[in-house]
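Overview (structure and organization)
Each chain is listed here by its residues.
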Amino acid sequence: MSEMRVIGIRVEQPQNQPVLLLREVSGDRYLPIWIGQAEATAIVLEQEGVTPIRPLTHDLIKILITELGRTLKEVRIVDLQEGTFYADLVFDNEVRISARPSDSVAIALRVGCPIYAEEPVLEEAGLVMPDEREDEVEKFKEFLESVSPDDFKATDS
């Protein structure tokens, strides 16, 4: 299992599809996850420090966790099946709740907990970007030009 950090959200053209990009904290692999527009917006708002007038869904979940006396210990990206990623929210009482990675990351950013990816997920979908001297945005743009969501779908091989 590797700890991941959120690099950001980019939009794949021409489909206008948001992609969440995570990178290993102690490694060279990146994990791209295609997500929905609402979740992409929630992640970007939190990264930019924008506080909405009324709580958005992920803000509400953070409030619920706190008010119920729980702590979200970590988020784990645990599986990849037929191009779909799966995540678990892991709480202080060891309760695990399955959730979409996009929602899980949006919540993790709000509560400040670590995000991990299981090794089999990184082995299947993780990518090593060449030339570490380039800044991450440029590497990600190059990556988007060479990959599509179909690259992460299961094959019969």
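The present account deals with the structure reproduced in this document. (Residues numbered from 1 in each chain as written. Predicted model: local features only at pLDDT ≥ 70, side-chain atom pairs only at ≥ 80, totals over all residues. Heavy atoms only, no water.)

**A look at helix α2 (residues 57-67)**
By the burial criterion, the buried members of α2 are H58, D59 and I65. Axial view of α2: buried residues confined to an arc of 120°, hence all on one face. Turned more than 90 degrees from where α2 packs its buried face, T57 and E67 sit exposed. Among the structural elements, α1 (37-47), β4 (72-81), β5 (84-91) and α3 (101-111) are those in contact with the buried residues of α2. Positioned one or two residues after α2, G69 has a phi angle of 75°, which is positive. (Buried < 20%, exposed > 50% of the residue type's maximum accessible area, 1.4 Å probe, protein only. Helix = DSSP H or I, 4+ residues; strand = E, 2+ residues; numbered from the N terminus. Arc of directions from axis to C-beta. Contact = heavy atoms within 4.5 Å.)

**Some words on the pairing of β5**
The element β5 is extensively covered by neighbouring structure, given that 6 of its 8 residues are classed as buried. The hairpin formed by β4 and β5 contains 2 residues between the paired strands, and E82 there has a positive phi angle of roughly 50°. Joining the antiparallel neighbours β5 and strand β6 (residues 96-99) is a turn of 4 residues, in which E94 adopts a positive phi near 70°. (Pairing = 2+ DSSP bridges.)

**Observations regarding a nonpolar patch on the surface**
A cluster of nonpolar residues, L60, I63, L64 and L68, forms a patch on the protein surface that exposes about 390 Å² of accessible area. Summarising the element assignment, L68 is placed in the loop between α2 and β4. Classification of L68 as exposed rests on a relative accessible area of 65%. (Patch = residues over 30% accessible without salt bridge, like charges linked within 9 Å, V, L, I, M, F, W, Y side chains within 5 Å. Areas by Shrake-Rupley, 256 points an atom, 1.4 Å probe, with all protein chains shown as cover. Salt bridge = Lys/Arg side-chain N within 4 Å of Asp/Glu carboxyl O.)

**Points about the nonpolar core**
L20, L31 and I77 are the most contacted members of the largest nonpolar core, which has 29 residues in total. With residues up to four places along the chain from it excluded, the contact list for I77 reads L22, L31, I33, F85, Y86, A87, I115, Y116, A117, E118 and V121. (Core = buried A, V, L, I, M, F, W, Y, C linked by side-chain atoms within 4.5 Å.)

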